[in-house]
Amino acid sequence: MKPLRVLLLSLACSAALAAQAQTATRLDIPAGDLATALDAYARQTGTQLVYRADQLKGARSRGLRGQVPSAQALDALLAGSGFIARRDASGAVLIVPAANAPAAPPARKPAAQAEAPVTNLEAVQVTGSRIPRAQVEGPAPITIVSAEQIQAAGLTTLPEVLRSLSQNSGSVQGQQNTTSAQSTPGAQAVDLRGLGPNHTLVLVNGRRIADFPLPLNSRSNFTDIGNIPLGMIERIEILTGSASAVYGSDAMAGVINIILKKSVDGTILDYRYGGTSEGGGESHDLTLTTGFERGDFSAVLGLELIDQRPLWGYQRKVQDSTLDAPIPRRRLPRLIAQVYDWDDDINLAPPDGCQAMAGLNGGTTVLAYDRYGEPYCGSDRAIAYRTIRNQRTGVSAYGSFEYRMSGDLSWFADVQAARQTVKLLTGTNGNDVVSDNMGWEFHDPASTDNYRNKMFFNQATGHYEIWSRQFTPEEMGGLRNRMNTTTQKTLAITTGFKGSFGRDWNWEAAYNHSQYDADVAMPRIKAAAANALFLGPRLGYDADGYAIYDADPARLFKPLTEAEFASIASMSVFRPKADNDNLSLTLDTPALFALPAGDAGFAGALEFGRQSYRINPDPLALTDDAYVGPRYGDGRGSRNHWSAAAELRLPLLPSVQGSLAGRYDQYRYAGRQPGKFTYSLGLEWRPLDTLLVRGSYGTGFRAPDMHYLFAGNDYYRTRYATDYYQCRVDNPGASNAWCYDDGGYDISTFDVYTGNIALDVETSRSATFGFVWSPSHDFDIAVDYYAIRVQNQVQAQDRDLLRQTEANCRLGQTDTGTPVDINSPTCVDAIARVIRDGNGDITSVHFGPINIAREQTSGIDVTANYRLQTAAGDFRFTGNYNWTRRHTRQQYPGDPTEDMLAVSFSDTTLPRAKGNLGINWDRGAWGASLFGTYLGRVANYANDAWTHATWRFNAGARYDINDHLRLALTVDNLFNQMPPKDPTWGNYPYYDTSWFDSIGRSFFLQLTWKLGGKPLQ
C-alpha cells in the first residue's frame, strides 16, 4: 500500500503544479539574438527545433509577448529575421533561410544516430565536439539513444540500456558477482570495447562526475551508472573511440554523455510497476517532471522515487540448490557444521546425526558425506542465500535553472542529488567452505598458521581440530539481517555564466562540483566473541604456538538462538568519499576566419581541477584479529590537474570538411607531474547530399587511477587457492582446470595488494574510417571500422593467474605443452610474487597494479535504420552490430601476444560479436515494439569449448487513452530464457554472471499522465 499512497500524494501535488503550468502558456520572448529567441521558444512551448547555429549568426528577432504557442506564433517570432519555419516529410521543425526556403531540401537524419528519421531534434552540442552543431554528422561515429527508444526497447534501468549497446563488449560483473559485490557493493559499470570500465568516460550533461569511492575489485576507480535515474534522461550520446584530445583523460575507449531533460511543457507523471513471471523482484518507480518560465527565469525540475525489491537465488530453480551444479563435487550439500580431526585426517561424526540441526535451513539440514566419505551437516538449499537482483530504494532529484540577464548574458545552474539504499547478500561460490559474512572458523592471528589452517588444539579430545560453522536464517532472525547495506549519497552542482560578445563569439565560465559519499555496512562475525561462544575460554598456546581450548564438539552442532547469534554478529561500516572539482572557461565561434569554402569554426577551453578520494574504513577492519575473514586495507589521495584544449573545424572544399583538435593535460601528485599532449584529426567528405565518407585519427592519454597509485596494503585470505605447480608435478599431463576442480591441491594463502605510485602513464592511438549513406528519408546505414591501441595499460594482477603462470615457469611449459622460458620477464616476476616457505608450500601471493605493455582491439560497427509508412501504421526498424576483428594483449615486452577472443584465453573471454535489432509500430493511439539483443559465443569455464550465442527479446505495447494519458506494458526476456548450461561451471550460481542472469521474464506496467502542455509524443 505504501507505493499507492506515494502515487496518490504525487498525483495531488502534480495537479497543483499543472494548474500553475497552465497559467504560463502565453509566450514572453524579448527581442534580441535569434538563436536566443528560438531557445526561449523551445523552452516555453516544448517544441524542439532543427537549425544550423552558424547560419543564425547576427540574425535578430523582434520578440513575442502574449501569444499562445502555435505555428503562427513561431512565424511571428521569425518575422523580419530572414528565416522561416518549415516541416520536412518526417515532421521535423526546420529553421531555414527565407531566400532558400523554396528550394530547401528536406532535412535528413544524421545516420549514425540510433533514432529513426530525425523528428523534433533541438539544436544541441553534439558529443565529440565543443562546437555547437545541429543535425550534422562528425568525422567519428556517434550513437544517440533517445528516451522514447529506451522505453520502446523495454529497458528499465541505465545499466540495462548501456549493456544492450553493441559497442559495450566488455565483461562487466553482474549484481550477483561475489567479488564485485564485496568490493563495490551496489555499483555498476560500463565497459566500451572491452578495455575496462576505467577507460570509458561517463559524463552527465557534458560534465564529469565523481567516481564510486571504492575501487572495483581493489583495482581501479570507475563511474557508477547504477544510481543515475532513467526517468530524467532525455537522451544518451555514445562516442566510441579515443576522445582524449577533446575530453582529456579516461576517454580512450569512448565517451558516454547522459543528457538530462532541459525543457518540459506541463507536468509529466510516470508510474511503473514491475514484477517477474517466476516470482520475486517486484518494483515501483515514480517519476515527476515539470518546468516553468517566469519572465527571464526558467527551470526544469525532476523527482524520481524507486523501490526495487530483492530477487533471491532460492527463487529460481536453476540455482536454488547445490543439485543444480553440473559437477558431482559441487552437488554435495552446502557445509553447515563440520569438525575436522587434523591428526587422524577424518571428520568427527555429529553426535546426534545432525538431528539437532534438522529444522534449520527450512528443514533441509541433514547428515551428509563429503567427496572423501567424511560426515558433516549440510543443506543443499543453503547455497542459494544470495541476491540475484539487489534491493534498491531511494529518491533522486534534478533541477536545471537559467536566468537571462540580457540577450548576451545568462546565469545557469544544474543540480543533481540522490540518496539511495542498496541491499544485497553475497557468499562463497563453493559448497565446502564457510562464508565470511555468515560463517565462522577459529580465528586467532596469534595462533600458528591460523590464516591457513584455522586449527587449534582441543584438550577435550587431545587432537588438533578445525571447526567450521555456517549460520542459518533461523539463527540470524532472517536473511535480511545479514544483507550488505550501502547508502549512496551523490551530489553534483554546476553553475556559471554564459554569453556572447562581438559578432560571433560565445563564452562560458563554469564551476562544477560532484561528490559521492557512501555508508557501506558489511556483515561480519566478531572473532573473539565467536571463539568464546563455540570453544569456551582460551587456555593458552602449546609448544608449537597453537591455541589451546577445552571444547565439546557437540556445541558446534547445536542451533544458536537469535540472541546468541546477535552476540557475535556485527556490521563493519566504511564511509568512503570521492570528490571532483573543476573550473572551466570555454570560447567558441562559428567564424574564426573565412576560407573559400566557408567560415572556420573554433572552440577553446581551459580547465583546472582537483580530484580526491578516501576509503575511511572501519578501524577494526584494518586489524587482523577483530573479525573472522579478510583484513581490509586503506587508501586515500588527491591530485591536481590542468588542461588547455583547442579545436578547429575547417571547410576545405564545398564537399570536404576537416577538424583538428589538440589538448595538453598535466597531473600533479606525490611529487610527480606527468603530462601529455594529445591530438585528433578528422575528415568529412560529402560527394553527394546522401553520402558522407569520414575518418578520424587520435591519440590518448590517461593518468593511473587514484587507487592504483595510493592504495595501502590490502590483505586477502584466500582459503582455497590451487597450487598448480604441485598438482602438475604429482599428476603429469593434468590441466589447470583439472587441478582446480580436483580440490586436492587447494591451500590457504595470505595475499597482499599494494598500490604503485611509480606507475607509468597510459597512452593510446585510435582510428576510425567509414561512411554514412542516406538514400532516402526512410533509410540510412552507417558502417565504420575502428582500431584502438593502448600502451602501458594499468591492470591489477590476477592471483590465480599468477599461480598458474608460476607453475608454467617452474615446469617450463603450459598445461597444454607450449614451451615457457623461465628467464622471461613474466616468469621472473611471477616466481618472485608467489611466495613459498621452506617446505615448498605457497604462503602468499604479492600482487598489485602493473603497466601492461599493450592491448589493442579493432572491428566494425554497423548501424541501420528504416522507416516504412503503410495504411496499417508506421513501422521503424533499427539494427546495430559490432564485429570485433581482433582483441589482443601482451603483459610484458617480449611475451607472447594473447588472443582475448580465443576460447583458451585464461581470463574472461570477450564475445566477437554483439548486436541488437528493434522494430516499432505506431498507429494512432496504439503502438507496439520488439527489441532483441544478441550476444556472440563466449568461452566456457574450463576455456576448452564455446558457450553458444544467445538472443534475448523484449516486447512492449502502448495505448493512448487520450492525448495526455498513456498506458504501456513492457515484457523483458519475452521467452523466459535462462543462462545457457555450461557443464564445466562448478561454482555457484553455475553460469557466467558477467553475461547472464536467471531473472527470467519480467513485466512492467506504466501509466504516463501529462498535465498541461502539448500532447504526449
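Residues numbered from 1 in each chain as written. Predicted model: local features only at pLDDT ≥ 70, side-chain atom pairs only at ≥ 80, totals over all residues. Heavy atoms only, no water.

As annotated in an unreviewed UniProt entry, the protein is Secretin/TonB-like protein from Thermomonas haemolytica. Quoted verbatim from the Sequence similarities (unreviewed entry) heading of the UniProt record, the comment on the protein is "Belongs to the TonB-dependent receptor family." Listed in UniProt under the heading Subcellular location (unreviewed entry), the comment for the protein reads: "Cell outer membrane". (UniProt positions renumbered as here; feature names shortened; annotations may be inferred.)

### Observations concerning the overall build of the protein
Assigned secondary structure in the protein consists of 16 helices and 53 strands. Across the 1017 residues in the protein, those meeting the buried criterion constitute 59%. Considering only contacts in the protein between residues 6 or more positions apart, those separated by 24 or more positions represent 73%. Just so you have it, the protein exposes about 38,700 Å², and 56% of that area is on carbon and sulfur atoms. (Helix = DSSP H or I, 4+ residues; strand = E, 2+ residues; numbered from the N terminus. Buried < 20%, exposed > 50% of the residue type's maximum accessible area, 1.4 Å probe, protein only. Contact = heavy atoms within 4.5 Å. Areas by Shrake-Rupley, 256 points an atom, 1.4 Å probe, with all protein chains shown as cover.)

### Some details on the side chain of asparagine 954
Tracing the sequence through the fold places asparagine 954 in strand S51 (residues 950-962). A polar atom in the side chain of asparagine 954 sits 3.0 Å from the backbone oxygen of alanine 153. Sequence-distant contacts of asparagine 954, that is, excluding residues within four places in its chain, are made with Ala153, Gly154, Leu155, Ser929, Leu930, Phe931, Val971, Asp972 and Asn973. (Polar contact = N/O pair within 3.5 Å; in protein donor to acceptor, adjacent residues only side chain to side chain.)

### Here's the deal with the pairing of strand S27 (residues 484-501)
When strand S23 (residues 409-424) meets S27, the two strands line up antiparallel, connected through 16 bridges. Bridge pairing in S27 links glutamine 420 to glutamine 488. Here S27 runs beside strand S28 (residues 505-525); their pairing, made up of 17 bridges, is antiparallel. Each bridged residue has a counterpart across the sheet, and for isoleucine 493 the counterpart in S28 is histidine 513. (Pairing = 2+ DSSP bridges.)

### Considerations on the packing of aromatic side chains
Tallying each qualifying case throughout the model produces 35 aromatic pairs. When the centroid spacing of 6.4 Å and the interplanar angle of 50° are considered together, the rings of tyrosine 273 and phenylalanine 1003 count as tilted. One end of the pair, tyrosine 273, is in strand S13 (residues 267-276); the other, phenylalanine 1003, is in strand S53 (residues 1002-1011), and 730 residues separate them in sequence. Each ring, one from phenylalanine 779 and one from tyrosine 866, has its centre 6.4 Å from the other, and the planes form 65°; the classification is edge-to-face. Residue phenylalanine 779 is found in strand S41 (residues 779-796), and its partner tyrosine 866 is found in strand S44 (residues 849-870); the two are separated by 87 residues along the sequence. (Phe/Tyr/Trp six-rings, centres within 6.5 Å; stacked < 30°, edge-to-face > 60°.)

### Remarks on the sheet that holds strand S8 (residues 142-146)
Pairing within the open sheet is mixed, and its 5 strands lie in the order S8-S11-S12-S9-S10. Looking at which strands have only one partner, the edges of the open sheet turn out to be S8 and strand S10 (207-208). Bridging between strand S9 (residues 200-204) and S10 involves 2 bridges; their strand directions are antiparallel. Bridged to leucine 203 within S10 is arginine 208.

### Considerations on the nonpolar core
Taken as a class, soluble globular proteins show a tendency for nonpolar side chains to be buried jointly. With 42 residues, the main nonpolar core has Phe574 and Tyr753 as its most contacted residues. Only S28, helix H12 (706-710), strand S38 (714-722), strand S39 (746-753), S41 and strand S43 (842-847) provide two or more residues apiece to this core. Setting aside residues up to four positions removed in sequence, phenylalanine 574 forms contacts with Ala518, Asp519, Val520, Met522, Ile615, Asn616, Pro617, Asp618, Ala621 and Tyr632. Counting 35 residues, the second-largest nonpolar core is a separate cluster that includes Trp312, Ala382, Leu556 and Ala569. (Core = buried A, V, L, I, M, F, W, Y, C linked by side-chain atoms within 4.5 Å.)

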